[in-house]
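Here is what each chain is made of, one letter per residue.
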2 protein chains.
Amino acid sequence: MNDIKLIEEALYSYIPKELVREKNLVSSIEYSLKAGGKRIRPRLVLEFSRLCHGSDKAALPFACAVEMIHTYSLIHDDLPCMDDDDMRRGKPSNHKVYGEEIALLAGDALQSLAFDIMSRKETINNSSSDCAVRCINILSDYCGTSGMVGGQVIDLENEKKTADLDSVTECNLKKTGALIKAACEMGCVSASADEEKISAARSYGENIGIAFQIVDDILDVTSSDEELGKPVGSDIGNNKSTYVSLLGIDECKKRVDSMTSRAIECLSVFDGDTNALKKLALNLKSRNK
Amino acid sequence: MNDIKLIEEALYSYIPKELVREKNLVSSIEYSLKAGGKRIRPRLVLEFSRLCHGSDKAALPFACAVEMIHTYSLIHDDLPCMDDDDMRRGKPSNHKVYGEEIALLAGDALQSLAFDIMSRKETINNSSSDCAVRCINILSDYCGTSGMVGGQVIDLENEKKTADLDSVTECNLKKTGALIKAACEMGCVSASADEEKISAARSYGENIGIAFQIVDDILDVTSSDEELGKPVGSDIGNNKSTYVSLLGIDECKKRVDSMTSRAIECLSVFDGDTNALKKLALNLKSRNK
């Protein structure tokens, strides 16, 4: 079975089945969990766990938890009071299908479900209370005020002004980077790896997290310019600050290269097969959507 | 120090201090955490922990976590897409002060913070990984699809029709009851109590939770009638189904009495001093707001 299938099978198994009066909520949760995506975060959990000689069985609940947090953040992000997006991954966004009330509550419930599945007896039996509690601490810390949600708030602040590179970097380190970092660390922790490995995984995650965001910014400019038939890069600086508007496309590409190399260097402390994580970093760099 | 002071001191100590660019978010979280209330849920955690010979130090993070979940649910409940309430506890609701985006994110971050503080090293040092992970599982389960959020969805469904007693009961058991039950159980678990005690605490919580909601329904009718100068109970049945509209005030009062007695009976399995929890159940019954 390929990894995406493995992850999705586990992820969908956590969708509650027995609820009757709440079926609208459950169906809204299912709609967003099944909306696809590259499943990068759960794949990072699995790959780091394997690299630290952990079992997939032990890592999968943590892989699913980080994907649930990511999914809840997308549902809330699309709400009218936030980005007001009608579409997500080519399909109507959650609130367009289920209404704002249910979409808000589905996001809330998905966050709870992430912590629920990490703390279940089966999860602990496949790893340990110590592993579970540490993964819970990593994920809850990185998804809250000092992580993902904090990054979303900095993003809102940055929209109001011409933000500088420091504040764009802090925003991205938290908004996108925090969950990616969490995934890498949790993979190691679920396999009871030592602190040196956990710390190397964190650096790998930090580097690919920022590279990922810079590539996003580049794609935003190049793909929209191409669609509109304008010369590539011509709308730099028209909107809010991004890596591209602050550094230019060439410098952005250089940084993506050097961060990807640095991420790959971080893998040298592991004694297992690092090919999958090397490939993942290189694929993120050269993706075109 | 009285218990409310003890709880609030611990609760406020968890408000992040070091964040600069996210200060609006932090201030929004602080605004709602400091908005007062009876702190019933954290007091239940403390009292059950004491009854099981646990230390306040071990119980306080779990007490604060349940209050954070309660607070996040109030912030999200007041949002325009939900109840659209401008006021909460006599003050402007969170989104009236900070805007909808920040209010939504503050609620999200408070939920993360609840799981963060339960999984920190200091928390585990004062209890254990096993206790922490079980409390996390209780709280995440009771606040998600099959608990609080599920109850909110049933409430939305019940607004669309004339709901029967079964569905009003299921709604209340989950919407209000689940967190109260969680608090009682977590108090015992944080003190490493045995299963018989945890189960008795759950029954106590279930009984006072429903009694609490019936009293709320009674107060809604009696206080608004008094304010409007109408005879007490005259608007029964005008709005959505409540215990009062379905059962009448006299039957409601009878049920509150019997549930309070049943809750107090549950305390008989404990060998400690049950006076505080008896008083708490009786006070909830005879409160007038």
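Residues numbered from 1 in each chain as written. Chains lettered and ligands numbered in written order. Predicted model: local features only at pLDDT ≥ 70, side-chain atom pairs only at ≥ 80, totals over all residues. Heavy atoms only, no water.

This part covers the pattern of salt bridges. All names here are of chain A. All chains considered together, the criterion is met by 44 salt bridges over all chains. Put simply, K96 and D86 hold a salt bridge, and the shortest N to O gap is 3.8 Å. In this pair, K96 sits in helix α5 (residues 94–98) while D86 sits in the loop between α4 (56–78) and β1 (87–88), placing the two residues ten residues apart along the sequence. When the shortest N-O distance is used, the salt bridge between R255 and E251 registers 2.9 Å. Residue R255 and its partner E251 are located together in helix α14 (residues 249–266), separated by four residues, close to a single helical turn. Here R255 falls in the partly exposed class, since its relative accessible area comes to 28%. Accessibility expressed as a relative area gives 28% for E251, which makes it partly exposed. (Salt bridge = Lys/Arg side-chain N within 4 Å of Asp/Glu carboxyl O. Helix = DSSP H or I, 4+ residues; strand = E, 2+ residues; numbered from the N terminus. Buried < 20%, exposed > 50% of the residue type's maximum accessible area, 1.4 Å probe, protein only.)

When chain B is fitted to chain A, the residual RMSD is 0.0 Å, and the transformation amounts to a turn of 180 degrees plus an axial shift of 0.0 Å. The relationship between the two copies is best expressed as a two-fold rotation axis. Comparing interface residues between copies, 100% of those in chain B also lie at the interface in chain A; the contact surface is shared. (Least-squares fit on C-alpha atoms with pLDDT ≥ 70 in both. Contact = heavy atoms within 4.5 Å.)

Right, let's get into the packing of helix α8 (residues 129–143) of chain A against helix α11 (residues 177–190) of chain A. All names here are of chain A. It is the contact of α8 with α11, at a shortest axis distance of 9 Å, that shows an interaxial angle of 175 degrees. Put simply, α8 runs roughly antiparallel to α11. Between α8 and α11, the contacting residues are C131, R134, C135, I138, L139, Y142 and C143 on the first element and A178, L179, K181, A182, E185, M186, V189 and S190 on the second. A per-class count over the contact of α8 with α11 returns eleven nonpolar, one polar and three charged. (Axes fitted to C-alpha atoms, helices over the stretch in contact; angles between N-to-C directions. Parallel < 35°, antiparallel > 145°, perpendicular 65-115°, else oblique. Nonpolar A, V, L, I, M, F, W, Y, C, P; charged D, E, K, R; others polar.)

Before going further, it helps to spend a moment on the interface of chain B and chain A. Reports often express the size of an interface as the amount of accessible area lost when the parts come together. On the chain A side, the residues contacting the 50 residues of chain B number 50 residues. Regarding the contact of chain B and chain A, the summed buried area is about 4300 Å², with carbon and sulfur atoms giving 63% of it. Looking at the side of chain B facing chain A, the largest losses of area belong to R21, L105 and T145 of chain B, adding up to 16% of the total buried there. Linking chain B with chain A are four salt bridges, by the criterion used here. R21 of chain A is paired through a salt bridge with E170 of chain B; the nearest N and O atoms lie 2.2 Å apart. In this assembly, chain B and chain A are joined by 18 residue pairs in polar contact (both at pLDDT 80 or more). (Buried area = accessible area lost by both parts, 1.4 Å probe. Polar contact = N/O pair within 3.5 Å; in protein donor to acceptor, adjacent residues only side chain to side chain.)

This model, assessed by the stated rule, comprises seven aromatic pairs over all chains. Considering the side-chain rings of F48 of chain A and Y204 of chain A, the 5.2 Å spacing of their centres and the 75 degrees angle between planes classify their relative orientation as edge-to-face. Here Y204 of chain A lies in helix α12 (residues 195–228) and F48 of chain A lies in helix α3 (residues 40–51), a separation of 156 residues in the sequence. Each of the two residues, F48 of chain A as well as Y204 of chain A, counts as buried. Among the aromatic residues, ring-to-ring pairing joins F48, Y204 and F270 of chain A into one connected group. The positively charged end of K34 of chain B is found above the aromatic ring belonging to Y12 of chain B, 5.0 Å away from the centroid. In this arrangement the basic side chain of R287 of chain B is found over the ring face of F212 of chain B, its NZ or CZ atom lying 4.1 Å from the centre. (Phe/Tyr/Trp six-rings, centres within 6.5 Å; stacked < 30°, edge-to-face > 60°. Lys NZ or Arg CZ within 6 Å of the ring centre and 35° of its normal.)

With that settled, consider helix α3 (residues 40–51) of chain B. Residue and element names in this part refer to chain B. The end-to-end C-alpha separation of α3 is 16 Å, in line with the 16 Å expected for twelve residues at 1.5 Å each. Counting buried residues in α3 gives ten out of twelve residues, a clear majority hidden from the surface. The set of residues buried in α3 consists of I40, R41, P42, L44, V45, L46, E47, F48, S49 and L51. With its phi angle positive at about 60 degrees, H53 sits one or two positions after the end of α3. (Expected span 1.5 Å × (residues − 1).)

It is worth spelling out the packing of α4 of chain A against α11 of chain A at this point. All names here are of chain A. At a minimum axis separation of 9 Å, α4 and α11 run at an interaxial angle of 165 degrees. With respect to each other, α4 and α11 are oriented roughly antiparallel. Regarding α4 and α11, the two cross each other, and that crossing is right-handed. Judged by residue contacts, A58, A59, F62, V66, I69 and H70 of α4 engage L179, A183, M186 and S190 from α11. Considering only residue class, the contact of α4 with α11 consists of eight nonpolar, two polar and no charged. (Left-handed = near helix turned anticlockwise from the far one by under 90°.)

Moving on, we get to the environment of S128 of chain B. Residue and element names in this part refer to chain B. Within the secondary structure, S128 sits in the loop between α7 (121–126) and α8 (129–143). Among the residues examined, S128 registers a relative accessible area of 25% and is labelled partly exposed. It is 47 Å that separates the C-alpha atoms of S128 and T222, two residues lying 94 residues apart in sequence.

All right, on to the environment of R262 of chain A then. All names here are of chain A. Tracing the chain through its elements places R262 in helix α14. The exposure class assigned to R262 is partly exposed, which follows from its relative accessible area of 42%. In this structure the C-alpha to C-alpha distance between R262 and K38, which are 224 residues apart in sequence, comes to 23 Å.

The next thing to look at is the state of the cysteines. Overall, the coordinates contain zero disulfides over all chains when judged by the stated rule. Unpaired in this structure, C184 of chain A has its nearest cysteine sulfur neighbour in C188 of chain A, at a distance of 7.7 Å. The cysteine C131 of chain B is free of any disulfide, with C135 of chain B supplying the nearest cysteine sulfur at 6.6 Å. (Disulfide = S-S within 2.5 Å.)

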